[in-house]
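Results of the structural survey
In case you want the letters, here they are:
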Amino acid sequence: MSRVPDCRMSRGRPMGKLSEMTALTACTASIDFDSALAVLSALANPRDPVAVSISDAGGCHLAAPILALLDSPRHACAAMDGYAVRDCDLFTGAATFRSIGVSYAGSHDAGEIGPGETMRVMTGAPVPRGADRVVMIEYCRQSEGDVRIDNPPFGKPHIRRRGSDFALGQLLIPEGTKVTPAVAVSAAAADHHELLVSPRPRIQLLATGDEIVAPGAAAGSAFVIPDSLSAAIELLCHSAGATVISKARLPDDSDVIARAMEFASADIIVVLGGASRGDRDHGRAAFAPLGLKIAFADVAMKPGKPVWYGKVGARHVLGLPGNPTAALTTARLFLSPLISCLLGGDVAGALPWHLLPALGPIEANGPREAFLCAATSFRGVEVSDRQDASGQARLAQVNGLVRRPANAPPILPGMPVPTLPLCC
Ligand SMILES: Nc1nc2c(c(=O)[nH]1)N[C@H]1C(S)=C(S)[C@@H](COP(=O)(O)OP(=O)(O)OC[C@H]3O[C@@H](n4cnc5c(N)ncnc54)[C@H](O)[C@@H]3O)O[C@H]1N2
Ligand code: MOO
């Protein structure tokens, strides 16, 4: 394995971004996992930002900061249902107030209260001028036009002052922030209906193999198997924030594979299978006549060694090994970060490694960095006893990957190990 010094990463973070030219020319030999990620991140630049509605922007990253277009609250308003009163009346002995009206959320000017007066207010309603607090309805006794407050509570005035949450012009959300439901609340509250974001990457999925057929169509023939990857990788693309615009199951025929690629205007082409060295492994070869520039091929990792990545013009091409556990592992480790980078995010955001205590012993690792399927819970992480790259049954029982560096010593129960959620 040859290492590429420029591509080094430190704990999953690139140590300085590579230029596109360097990334496409330097890393063509077998490289280590962190170097491969650095190459991918150097080549994955987002397209020009577009304005999209907030509800369509989930998972995208803001290409511009969000400034508040108004004050919030817009005016002094009640934080509780109750009666608005003046402190000087309430705490100097007056117990009976004359109610002069009602203010609802959405009411216009609530007017003003004078000495001995009160106004019924609902949560979110404008509070009348002169009022210092809202006494919760539970402490008030209403009769006719009067309100009696015998034991007024001290403490919070239950009035939200104008601009006390945020003020007009305030920077609320910095550029680069990922749009989540929580971020959507802030943005909409600031009176934005559209957000400027990098467009979602468009994905083309090409599953290759003479033996694969659509799930549901395999049991009748002994010589075919269900395509167990296309739907899974499509799900992963969606949860990472991309749109799958086209998918196909193709025979092991490089001309057919190349033609399929030519007809889609995708940002990322994902080729499933045909990544290694079999007579019919046409993954990379199919794209050579189209001008494929390989950025890396063969990563020193287990599973997933044959994973490869390059570009055809502006299009990214990622080849995942056909063995299902290897395909899912490499999709999580390379396709999620590629999508994240094209959305304006980064590798570290897409791969949130965190330390969890091992629930059982983990044996020493060999010379290839390993990513082990594991089950995580609040108690810690348990590595599966079988780690077979072609396995499919076990995938339904795992939800994480444990990272084991090359030649790592054994792990004892309770020791922390880097763990990644298998689903993004
Ligand atoms: N001489 C070598 N042989 C192999 C190497 C190597 O370095 N030298 N690498 C091994 C490793 S590691 C892996 S992983 C596999 C990867 O193989 P390919 O990417 O070429 O995949 P295929 O040969 O097309 O298929 C492998 C296996 O997976 C099944 N498969 C493929 N696609 C699907 C699908 N969509 N759904 C379900 N199953 C699928 C396919 O039937 C094969 O059984 O190569 C090793 N060999
Ligand atoms: O690495 Mo392969 O992905 O072992 O089967």
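For the structure itself, look to the data block above.
Here the structure is a predicted model, which is why all the values come from computation and not from measurement. (Residues numbered from 1 in each chain as written. Chains lettered and ligands numbered in written order. Predicted model: local features only at pLDDT ≥ 70, side-chain atom pairs only at ≥ 80, totals over all residues.)

Describing the overall build of the protein chain
If you tally the helices and strands in the protein chain, you get nine helices and 28 strands. By the compact-globule yardstick of 22 Å for 424 residues, the protein chain is too spread out, its C-alpha radius of gyration being 30 Å. Counting only C-alpha atoms, the protein chain reaches 95 × 50 × 50 Å along its principal axes. Taken across its 424 residues, the protein chain has 42% of its residues classed as buried. Here the contacts in the protein chain between residues at least 6 apart in sequence split such that 69% fall between residues at least 24 apart. (Helix = DSSP H or I, 4+ residues; strand = E, 2+ residues; numbered from the N terminus. Rg over C-alpha atoms; globule rule 2.2 N^0.38 Å. Buried ≥ 20, exposed ≤ 12 C-beta atoms within 10 Å, placed from the backbone. Contact = placed C-beta atoms within 7 Å.)

Side note on the site of ligand 1
Taken together, 25 residues form the shell around ligand 1, and within it Gly273, Ala275, Ser276, Pro321 and Gly322 come nearest. Looking at the shell around ligand 1 residue by residue, the class counts come to 12 nonpolar, eight polar and five charged. (Near = placed C-beta within 6 Å. Nonpolar A, V, L, I, M, F, W, Y, C, P; charged D, E, K, R; others polar.)

Looking at the environment of Pro421
With respect to the helices and strands, Pro421 occurs in strand β28 (residues 416-421). The exposure class assigned to Pro421 is partly exposed, which follows from the 14 C-beta atoms found within 10 Å. Remark: the alpha-carbon pair of Pro421 and Val402, spanning 19 residues in sequence, is separated by 9.1 Å.

Describing helix α8 (residues 324-342)
Its 19 residues place the ends of α8 25 Å apart at the C-alpha level, agreeing with the 27 Å of an ideal helix rising 1.5 Å per residue. Among the 19 residues that make up α8, 19 are buried, leaving the element largely enclosed by the rest of the structure. Looking one or two residues beyond α8, the residue adopting positive phi is Gly344, at roughly 100°. (Expected span 1.5 Å × (residues − 1).)

Points about the packing of helix α2 (residues 33-43) against α8
Axis separation between α2 and α8 bottoms out at 9 Å; the angle between their running directions is 30°. Between α2 and α8, the crossing angle belongs to the class labelled roughly parallel. Seen from above, α2 lies across α8 with right-handed handedness. Here Leu37, Leu40 and Ser41 of α2 lie close against α8, whose contacting residues are Phe334, Pro337, Leu338 and Cys341. Looking at the contact of α2 with α8, its residues break down into six nonpolar, one polar and no charged. (Axes fitted to C-alpha atoms, helices over the stretch in contact; angles between N-to-C directions. Parallel < 35°, antiparallel > 145°, perpendicular 65-115°, else oblique. Left-handed = near helix turned anticlockwise from the far one by under 90°.)

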